[in-house]
Amino acid sequence: PMNERVATIGVLNKRNNIARDLTMKPGETRRLGDVVVALKACERTAPWEMPQETGAFVQVFVQPARGGDFARVFSGWLFRESPSLNVVEHPIYDVWVKDCTMRFPGEEASSGGGSPATGAPAARPAPT
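About the thresholds
Residues numbered from 1 in each chain as written. Predicted model: local features only at pLDDT ≥ 70, side-chain atom pairs only at ≥ 80, totals over all residues. Heavy atoms only, no water. Salt bridge = Lys/Arg side-chain N within 4 Å of Asp/Glu carboxyl O. Helix = DSSP H or I, 4+ residues; strand = E, 2+ residues; numbered from the N terminus. Buried < 20%, exposed > 50% of the residue type's maximum accessible area, 1.4 Å probe, protein only. Core = buried A, V, L, I, M, F, W, Y, C linked by side-chain atoms within 4.5 Å. Contact = heavy atoms within 4.5 Å. Polar contact = N/O pair within 3.5 Å; in protein donor to acceptor, adjacent residues only side chain to side chain. Pairing = 2+ DSSP bridges. Axes fitted to C-alpha atoms, helices over the stretch in contact; angles between N-to-C directions.

## Some remarks on the pattern of salt bridges
Here is step 1 of the chain: All chains considered together, the criterion is met by five salt bridges.
Here is step 2 of the chain: Measuring nitrogen to oxygen at the nearest pair gives 3.0 Å for the salt bridge that ties Lys98 to Asp21. One end of the pair, Lys98, is in strand S7 (residues 93-101); the other, Asp21, is in strand S2 (residues 18-24), and 77 residues separate them in sequence.
Here is step 3 of the chain: What makes Asp21 partly exposed here is its relative accessible area of 43%.
Here is step 4 of the chain: In this structure, Asp99 engages Arg80 in a salt bridge whose closest nitrogen and oxygen atoms are separated by 3.9 Å. With a gap of 19 residues between them, Asp99 in strand S7 and Arg80 in the loop between strand S6 (71-79) and S7 connect regions that are remote in the sequence.
Here is step 5 of the chain: Given the relative accessible area of 25%, Asp99 is considered partly exposed.
Here is step 6 of the chain: A relative accessible area of 36% places Arg80 in the partly exposed class.
Here is step 7 of the chain: Shared partners join several salt bridges into a network, and the residues in it are Arg44, Arg80, Glu81 and Asp99.

Right, here's the structure in full:
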């Protein structure tokens, strides 16, 4: 389900070279100064499918330097493995998807209790 997914979105202010990671769920909107990032969805390829891809549908709004209403400067899918496929073109802000954590049907049963995001074996406590 979409409400259980969590995306990590990177935001870079090219003017002051400050980068931030936003951890968001689909439907959330976050504001950093005069930029607003809205996450609508995130997806990733199932661990058993190739090629592995991670994407997020993102909208970016920026407030003009002289004030006024926020204007939408980007609306679309961003892909971690293919960042040049769809780019946020803005002179000040760069926005990209870093990850999308989600579960897949039947993954828990077939992976032997592994991590829902990667299918890797779960860590076991050290013997005492």
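## Side note on the nonpolar core
Here is step 1 of the chain: Residues Ile9, Val58, Val60 and Val95 are the most contacted members of the largest nonpolar core, which totals 25 residues.
Here is step 2 of the chain: Not counting chain neighbours up to four residues away, the residues in contact with Val60 comprise Val35, Val36, Ala71, Arg72, Val73, Phe74, Val88 and Val95.

## Thoughts on the side chain of Arg5
Here is step 1 of the chain: Looking at the secondary structure, you find Arg5 in the segment before strand S1 (6-13).
Here is step 2 of the chain: A distance of 2.8 Å separates a polar atom in the side chain of Arg5 from the backbone oxygen of Cys42.
Here is step 3 of the chain: Setting aside chain neighbours within four positions, we find Arg5 in contact with Met24, Lys25, Pro26, Cys42, Glu43, Cys100, Thr101 and Met102.

## As for the sheet that holds strand S4 (residues 35-44)
Here is step 1 of the chain: With antiparallel pairing, the four strands of this open sheet are ordered in space as S3-S4-S5-S6. Both edges of this open sheet fall to strand S3 (29-32) and S6, since each of them pairs with a single strand only. Direction aside, the axes of adjacent strands within the sheet are offset by 20° on average.
Here is step 2 of the chain: Alignment of strand S5 (residues 54-62) against S6, held across eight bridges, turns out to be antiparallel. What sits directly across from Gln59, in S6, is Ser75.

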